[in-house]
Amino acid sequence: QVQLVESGGGLVQAGGSLRLSCAASGHPFNTYDAGWFRQSPGKEREFIARISSNGDVAYVADSVEGRFTISRDNTKNTVDLQMSRVQPEDTAVYYCAIRPGSLGPFKYWGQGTQVTVSS
């Protein structure tokens, strides 16, 4: 059974940085695309970034481009989200997810980690 556990969330001041990490277990991690999403109260879940199974293709949403970077380490079964120059609007619960291959919906999800940005 696939399990994803996020860590690294917390309280950070606007303009600061935070690194989220997601640890995967239960299936060969290097066969899955990985992604990060976030959800704020009263808002729909928002796509943030994704990275291909071998890490050679990465994409981030326009809303965070130039500030957030996604990376993965298949030797450690982890996918990270480096957040820089954070703003109060980045406050949300952040989720990692994986999917087999590069198409279709993300199938497995973590429980989420709260990120709060103070102004």
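Reading guide: rules and limits
- Residues numbered from 1 in each chain as written.
- Predicted model: local features only at pLDDT ≥ 70, side-chain atom pairs only at ≥ 80, totals over all residues.
- Heavy atoms only, no water.
- Helix = DSSP H or I, 4+ residues; strand = E, 2+ residues; numbered from the N terminus.
- Rg over C-alpha atoms; globule rule 2.2 N^0.38 Å.
- Buried < 20%, exposed > 50% of the residue type's maximum accessible area, 1.4 Å probe, protein only.
- Contact = heavy atoms within 4.5 Å.
- Lys, Arg positive; Asp, Glu negative; His and termini not counted.
- Charge placed at Lys NZ, Arg CZ, Asp CG, Glu CD.
- Phe/Tyr/Trp six-rings, centres within 6.5 Å; stacked < 30°, edge-to-face > 60°.
- Lys NZ or Arg CZ within 6 Å of the ring centre and 35° of its normal.
- Salt bridge = Lys/Arg side-chain N within 4 Å of Asp/Glu carboxyl O.

A. Up close: the overall build of the chain. Looking only at helices and strands, the chain features zero helices and eleven strands. Counting helices and strands in the order they occur from the N terminus, the chain gives β-β-β-β-β-β-β-β-β-β-β. For the chain, the C-alpha radius of gyration of 13 Å lies close to 14 Å, the compact-globule estimate for 119 residues. In terms of its C-alpha atoms, the chain occupies a principal-axis envelope of roughly 40 × 25 × 25 Å. Burial statistics for the chain: of 119 residues in total, 39% are counted as buried. Across the chain, every contact between residues at least 6 apart in sequence was considered, and the portion connecting residues at least 24 apart equals 55%. Mean positive and mean negative side-chain charge positions of the chain (11 and 11 charges, respectively) differ by 3 Å.

B. Just the packing of aromatic side chains, in detail. Within the structure shown, the criterion is met by five aromatic pairs. Residues Tyr 32 and Tyr 108 carry aromatic rings whose centres are separated by 6.1 Å and whose planes lie at 70 degrees to one another, so their mutual orientation is edge-to-face. Of this pair, Tyr 32 sits in strand β4 (residues 32–39) while Tyr 108 sits in strand β10 (residues 108–109); the two residues are 76 residues apart in sequence, bridging distant segments of the chain. The exposure class of Tyr 32 is buried, given its relative accessible area of 5%. Both rings, one in Phe 37 and one in Phe 106, keep their centres 5.2 Å apart while their planes meet at 75 degrees; by these two values the pair is edge-to-face. Of this pair, Phe 37 sits in strand β4 while Phe 106 sits in the loop between β9 (92–100) and β10, and the two are 69 residues apart along the sequence. Here Phe 37 and Phe 106 have matching classes, each one buried. Taken together, Phe 37, Phe 47, Tyr 59, Phe 106 and Trp 109 form an aromatic cluster joined through their ring pairs. For Arg 45, the ring lying beneath its charged end belongs to Trp 109, and the centroid distance is 3.9 Å.

C. Seen up close, the pattern of salt bridges. Summed over the entire model, instances satisfying the criterion amount to five salt bridges. In this structure, the salt-bridge partner of Arg 19 is Asp 80, at a minimum N-O distance of 3.2 Å. In this pair, Arg 19 is assigned in strand β3 (residues 18–25) and Asp 80 in strand β8 (residues 78–83), connecting sequence segments 61 residues apart. Judged by its relative accessible area of 42%, Arg 19 is partly exposed. Notably, a salt bridge pairs Arg 38 with Glu 46, separated by 2.8 Å at the nearest N-O pair. Classification of Arg 38 as buried rests on a relative accessible area of 7%. Salt bridges here are not isolated pairs; linked through shared partners, they connect Arg 38, Glu 46, Arg 67 and Asp 90.

D. Broad picture of the environment of Leu 103. For Leu 103, the location among the structural elements is in the loop between β9 and β10. We classify Leu 103 as exposed; its relative accessible area is 69%. The spatial distance from the C-alpha of Leu 103 to the C-alpha of Arg 67 is 25 Å, given a sequence separation of 36 residues.

These figures come from the coordinates and say nothing about function on their own.
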